[in-house]
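Residue-level structural notes
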Amino acid sequence: MNYSAFGLLFAALCVAPLARAQDEMTGRAPYEPWTGEQAFPAPRPLPSRSAQGPLTPEPELARSALELSASAGPVFGWCFGGSPMSFPCRALDPGLGASVAGLWRVTPFFAWGGRASTSVFAYEPPAELQAERTRALLGALEIMARVYSSDQGVIDPFAELGLGAAFLRASLPARAGADTVHSAYAPSAHVGGGLDLVLGRRAKVGFAVALNQVFVPELRRCPAREDGPCGAVEGSDRGYVSSALELGGRFTLMLGNEL
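Overview of the structure. Remember, predicted model here, so these are calculated numbers, not experimental data.

Procedures and definitions
- Along each chain, residues carry numbers from 1 onward, in the same order as the chain's sequence is written.
- Totals for whole chains, interfaces and linings use every residue, but because this is a predicted model, local features are given only for residues with pLDDT of at least 70 and side-chain atom pairs only at 80 or more, for both listing and counting.
- Values reported for side chains reflect all heavy atoms of the structure, with hydrogen atoms and water molecules removed beforehand.
- Here, two cysteine sulfur atoms that lie within 2.5 Å of each other are counted as a disulfide.
- Note on conventions: DSSP H or I runs of at least 4 residues are helices, E runs of at least 2 residues are strands, and numbering of each starts at the N terminus.
- Under this definition, polar contacts are N or O atom pairs within 3.5 Å; protein pairs additionally need one hydrogen-donor-capable and one acceptor-capable atom, and for neighbouring residues in sequence, both atoms have to be side-chain atoms.
- When a carboxyl oxygen of Asp or Glu lies within 4 Å of a side-chain nitrogen of Lys or Arg, that pair is called a salt bridge.
- Summary of the burial criterion: residues with accessible area below 20% of their type's maximum are buried, those above 50% are exposed, and those between are partly exposed, where the area comes from a 1.4 Å probe applied to protein chains only.
- Among the buried residues, those of types Ala, Val, Leu, Ile, Met, Phe, Trp, Tyr and Cys that are joined through side-chain atoms within 4.5 Å form a nonpolar core.
- Whether two aromatic rings pair depends on their centres lying within 6.5 Å, for rings of Phe, Tyr and Trp, where Trp uses its six-membered ring; planes under 30 degrees apart make the pair stacked, over 60 edge-to-face, and the rest tilted.
- It only takes one pair of heavy atoms within 4.5 Å for two residues to be counted as in contact.
- Computed over the protein atoms alone on a 1 Å grid, cavities are sets of points where a 1.4 Å probe fits but cannot get out and pockets are open sets with protein on both sides within 12 Å along at least five of seven lines; a residue lines them when it has an atom within 4 Å of a point.
- Grid points are joined across faces, edges and corners, and a volume is the space filled by probe spheres set on the points.
- All residues other than Ala, Val, Leu, Ile, Met, Phe, Trp, Tyr, Cys, Pro, Asp, Glu, Lys and Arg, Gly among them, are scored as polar; the first ten of these are nonpolar and the last four charged.

**Here's the deal with the state of the cysteines**
- With the rule as written, the count across this model stands at one disulfide.
- Here cysteine 222 engages in a disulfide with cysteine 230; their sulfurs sit 2.1 Å apart. When the S-S torsion is 125°, as for the bridge of cysteine 222 with cysteine 230, the disulfide is right-handed.

**Topic: the side chain of glutamate 246**
- Tracing the backbone through its elements, the reader meets glutamate 246 in strand S10 (residues 240-258).
- Engagement of the side chain of glutamate 246 in a polar contact is seen with the side chain of arginine 115, the distance being 2.7 Å.

**Description of the pattern of salt bridges**
- Counted under the stated rule, the structure contains 12 salt bridges.
- The shortest N-O distance in the salt bridge between aspartate 156 and arginine 63 comes to 3.7 Å. Within this pair, whereas aspartate 156 is found in strand S5 (residues 155-172), its partner arginine 63 is found in the loop between helix H2 (32-35) and strand S1 (64-80), the two being separated by 93 residues in sequence.
- Measuring nitrogen to oxygen at the nearest pair gives 3.2 Å for the salt bridge that ties arginine 250 to aspartate 196. Of this pair, arginine 250 sits in strand S10 while aspartate 196 sits in strand S6 (residues 180-198), placing them 54 residues apart in sequence.
- Note on aspartate 196: relative accessible area 1%, which makes it buried.

**Thoughts on the nonpolar core**
- Membership of the largest hydrophobic core comes to 19 residues, with the highest contact counts inside it found for Phe121, Leu138, Leu168, Val214, Val216, Leu219 and Tyr240.
- If you list the elements that add at least two residues to this core, you get strand S4 (135-148), S5, S6 and S10.
- In terms of nonpolar packing, the next biggest core, distinct from the first, is built from seven residues, Ala101, Met144, Tyr148 and Phe158 among them.

**Some words on the packing of aromatic side chains**
- Applying the stated rule across the entire model yields three aromatic pairs.
- With a centroid separation of 6.4 Å and 55° between ring planes, the pair formed by tyrosine 148 and phenylalanine 158 is classed as tilted. A residue pair is termed long-range when its members are at least 10 positions apart, and tyrosine 148 in strand S4 and phenylalanine 158 in strand S5 qualify at 10 residues.
- Tyrosine 148 gets classed as buried once you look at its relative accessible area, which sits at 6%.
- Consider the rings of phenylalanine 167 and tyrosine 185, whose centres lie 5.0 Å apart with planes at 45°: the pair is tilted.

**Brief notes about the environment of arginine 146**
- With respect to the secondary-structure elements, arginine 146 resides in strand S4.
- Its relative accessible area of 2% is what places arginine 146 among the buried residues.
- Between the C-alpha atoms of arginine 146 and tryptophan 112, which are 34 residues apart in sequence, the distance is 6.0 Å.
- With sequence-adjacent residues up to four places away left out, arginine 146 is seen in contact with Glu67, Leu103, Phe109, Phe110, Ala111, Phe158, Ala159, Glu160 and Arg250.

**Regarding empty space enclosed by the protein**
- Evaluated as defined, the whole model comprises three cavities of 30 Å³ or more.
- Along the walls of the largest cavity sit 22 residues, with Ser71, Ser99, Arg115, Ala208 and Glu246 positioned nearest its centre.
- Tallied by class, the residues present in the lining of the largest cavity amount to 11 nonpolar, six polar and five charged.

**Considerations on the environment of cysteine 222**
- On the secondary structure map, cysteine 222 appears in strand S8 (residues 218-223).
- In the structure, cysteine 222 is positioned 39 residues away from serine 183 in sequence and 8.3 Å away in space, judged by C-alpha atoms.

Written as structure tokens, this is what we have:
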């Protein structure tokens, strides 16, 4: 029996190194998680990130804070008072008009500033007046407000209103006798609108329409070439160019910061 116990002990000591060598040969990992006796800790959760929203597109052709514009084109005038044969309302021909304006665009949809305009007309006086080369001039200086309907893009429509003062002058060079000039200072107003095409960040072109109206209480009648007294006459008696419709092409220079 002693020999049997000794034999079993000897066999165990011989088999253990062989088993360890066999484990190394089979590639079994010598650490506990492989055997299931100890597990790896659970992985830490990734930090949460809020989903990124869509990118906001850059403004396309944004508006500028300061606008300087000039326009020119044909002008059509109407007379008030007098008769169709009276000076200066006989056969009033279309004229030529021009205007300049400076605006501060407070927001993309509203601007205010000033406007200066002038219109020159020719007309054919009655034959009995024996006059030639007759001319009429209408000028105005006004404070103006403008509203827009677009804050970016190629098309920039607008509407405007102006209030101010106007100067009227009508000359009557006579073939015989003294030349005479009718003139007046009077309140004025205009309404208009137009559409511009934006060429880039600094310029735009377009067209505009404006209706000018003056309110003349009386005219001043003076000799044109000779010294003499001037007299006041009722505008409704002599007639005067009271309204003008401007049609013109526009060029606008945009300056300052973009809105």
